[in-house]
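# Report on the structure
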Amino acid sequence: MHPTATDPDAAAQTPVNLHSLGRVRVLQALTDAPALSRAELVRRTGLARATVGSVILELITAGLVRESADGVPSGQRAGRPPQLVSLDPEAGYAVGLDVGHDHVRVILTDVVGTSRWDRSETIAVDDDPERALDTAVRLITSAIQDTAVPPEKILGLGLGIACPVDKATGGLRAEGIMPGWVGTRPADVLAERTGLPTRIINDANAGVLAERRFGAARDCANVVYVRLAAGIGAGMMSDGRMLLGHLGLAGELGHVVVDLFGAVCRCGGRGCLETVASPAAITGLLARSWGQPVGSVDLAALLRRGDRGALRAVEDAGEAVGRALSTVVSLLNPELVVIGGDLVEAGEALLEPMRRTLNRGTMGSLHQRLRIVPSLLGDSAGARGAAALVLDGVPEQLGK
């Protein structure tokens, strides 16, 4: 991610605005839970009941939150029905952009993450950043125009990209992965062209944000998300904190070596996971074995028909992913692994050998309570996670 630089000494000298702090705490609680009673807000925020009441009134007047009955049938209530406070979905909006190796996707969500507009275009991205960014700007413009969202209500743009991202600079480590993007700073370009504050994140990290907020990893603090697509990457959370590493490059699972004598990878390594477990690697293997072209659409159809050759190739890929994941699980001890990306459509043909191989490669105490599940968000995880990058800042932005 590309955070805004701050001066810690100046920040220490700035007096705390206690009123704004109360607004932020209430908004944070409402961001974490869809609807809360006033009593629950008092408990979660640590604020006095009178302060919570004052803040809620102010936020309702500003159109940021709303209050409604809790939905319990009147015959089951005793006395006055409790009121629940929730964010007004139209209090703000976020734009999420997913730039993959072969597509550009834009989603516009309201402040609670509900999609209001979603569109994707298939284009070759790796060698043509100008075309990809032109497409992104055109889609973002269409999203705003089609939904008629007031521009001042758009809180920002999140960009998820299929490339390692330097967390300090927002620059791309694109060598060998997206060669045309070397030296580019797409977040800066998009901020200038759209007028929206823009944050950038690797697509697998966007995926784990999305699954934690909207999908299979809700209520999970220790989770690994694996994206099996044209590229393979992992987004990782430990105790609710994303693990980015020294430069922000953690999670490059696709470039973990699983075969010392395997094919040369586009990163320059040999036998990387990506060379055996990506859809392109699987279809390439089948094409060479059968002597005829096999595409990703063909692979999906072959799996639906139960073709034995396609199933064997996917099972082998699952075993390779399981070997790579066994190291991740041994180091991080997650409670959940979520598998996303194009290849997850293979279902248990992929997941069962993955689980079996991972179990063989880890101590029983690490995998006995570990769940490996498919993504609930499918191919929308990248764009929704990019939008979540913006939505994570809602309490501070709306609480000013």
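As a starting point, this report considers the structure included with it. (Residues numbered from 1 in each chain as written. Predicted model: local features only at pLDDT ≥ 70, side-chain atom pairs only at ≥ 80, totals over all residues. Heavy atoms only, no water.)

### Here's the deal with the overall build of the protein chain
- Looking only at helices and strands, the protein chain has 15 helices and 13 strands in total.
- The globule rule puts the C-alpha radius of gyration for 400 residues at 21 Å, and the 23 Å found for the protein chain is close to it.
- Taking the principal axes of the C-alpha coordinates as reference, the protein chain spans close to 70 × 50 × 45 Å.
- Taken across its 400 residues, the protein chain has 50% of its residues classed as buried.
- Intrachain contacts of the protein chain at a sequence separation of at least 6 include 62% that bridge at least 24 residues.
- Split by element, the accessible area of the protein chain, about 18700 Å² in all, is 51% carbon and sulfur.
- Distance between charge centroids for the protein chain: 6 Å, based on 40 positive and 45 negative side chains. (Helix = DSSP H or I, 4+ residues; strand = E, 2+ residues; numbered from the N terminus. Rg over C-alpha atoms; globule rule 2.2 N^0.38 Å. Buried < 20%, exposed > 50% of the residue type's maximum accessible area, 1.4 Å probe, protein only. Contact = heavy atoms within 4.5 Å. Areas by Shrake-Rupley, 256 points an atom, 1.4 Å probe, with all protein chains shown as cover. Lys, Arg positive; Asp, Glu negative; His and termini not counted. Charge placed at Lys NZ, Arg CZ, Asp CG, Glu CD.)

### Brief notes about a nonpolar patch on the surface
- Together, V257, L260 and F261 line one region of the surface with nonpolar side chains, adding up to about 390 Å² of accessible area.
- Here F261 is to be found in the loop between β11 (241–242) and α8 (274–277).
- Exposure remark for F261: the relative accessible area of 76% places this residue in the exposed category. (Patch = residues over 30% accessible without salt bridge, like charges linked within 9 Å, V, L, I, M, F, W, Y side chains within 5 Å. Salt bridge = Lys/Arg side-chain N within 4 Å of Asp/Glu carboxyl O.)

### Brief notes about the side chain of H101
- Counting through the fold element by element, H101 comes out in the loop between β4 (93–99) and β5 (103–110).
- Given the relative accessible area of 12%, H101 is considered buried.
- A polar atom in the side chain of H101 sits 2.8 Å from the side chain of D126.
- Here R266 takes part through its side chain, which lies 3.2 Å from a polar atom of the side chain of H101.
- If we skip the residues at most four places from it in the chain, H101 touches I123, A124, V125, D126, A162, I177, M178, A230, G231 and R266. (Polar contact = N/O pair within 3.5 Å; in protein donor to acceptor, adjacent residues only side chain to side chain.)

### Quick word on the packing of aromatic side chains
- Tallied over the entire structure, the rule returns zero aromatic pairs.
- Across the ring face of F214, the terminal group of R384 is positioned such that the distance to the ring centre comes to 4.2 Å. (Phe/Tyr/Trp six-rings, centres within 6.5 Å; stacked < 30°, edge-to-face > 60°. Lys NZ or Arg CZ within 6 Å of the ring centre and 35° of its normal.)

### Observations regarding the sheet that holds β5
- Pairing in this open sheet of five strands is mixed, and the strands run β6-β5-β4-β7-β8 from one edge to the other. For this open sheet the edge positions go to β6 (115–122) and β8 (198–202), each flanked by a neighbour on one side alone. Adjacent strand axes in the sheet meet at a mean angle of 15 degrees when their direction is disregarded.
- The pairing of β5 with β6 spans seven bridges and is classified as antiparallel. Residue T109 lies in a different strand from β6, and its bridge partner there is S115. (Pairing = 2+ DSSP bridges. Axes fitted to C-alpha atoms, helices over the stretch in contact; angles between N-to-C directions.)

### Observations regarding the packing of helix α9 (residues 279–290) against helix α11 (residues 308–332)
- Running from amino to carboxyl end, α9 crosses α11 at an angle of 140 degrees, the nearest separation of the two axes being 10 Å. As far as their axial angle goes, α11 and α9 are oblique. As α9 packs across α11, the resulting crossing turns out to be right-handed. Judged by residue contacts, I282, L285, L286 and W290 of α9 engage G309, A310, A313, V314 and A317 from α11. (Parallel < 35°, antiparallel > 145°, perpendicular 65-115°, else oblique. Left-handed = near helix turned anticlockwise from the far one by under 90°.)

### Here we look at the sheet that holds strand β10 (residues 232–238)
- Spatial ordering of the open sheet is given by β11-β10-β9-β12-β13, a layout of five strands whose pairing is mixed. At either end of the open sheet lies a strand with only one pairing partner, and these are β11 and β13 (371–374).
- Strand direction decides the pairing type here: strand β9 (residues 223–228) and strand β12 (residues 336–340), joined by five bridges, are parallel. Residue pairing for β12: V223 is matched across the bridge by L336.

### What about the side chain of N202?
- Mapped onto the elements of the fold, N202 is located in strand β8.
- Taking relative accessible area as the criterion, N202 reaches 9% and is therefore assigned buried.
- Residue contacts for N202: discarding those within four places in its chain leaves I161, C163, P164, V165 and E252.

### Digging into the nonpolar core
- Judged by nonpolar contacts, the single largest core of 46 residues is most densely connected at L30, L41, V65, V338 and L398.
- Looking at this core, the elements that each hand over two or more residues are α2 (18–32), α4 (49–61), β3 (83–87), α7 (203–214), β9, β12, α14 (381–391) and α15 (394–398).
- It is α14 that provides the largest number of residues to this core, a total of six residues.
- Ignoring sequence-local partners within four residues, the contact set of L30 consists of L36, L41, V65, V85, S86 and L87.
- With 39 residues, the next largest nonpolar core counts A234, M236, L302 and M354 among its residues. (Core = buried A, V, L, I, M, F, W, Y, C linked by side-chain atoms within 4.5 Å.)

### With respect to the pairing of β8
- For β8, the tally of buried residues reaches four of five residues, placing the bulk of the element in the interior.
- Looking at chain direction, strand β7 (residues 154–161) and β8 are connected through five bridges and run parallel. Following the sheet pairing, L159 is matched in β8 by I200.

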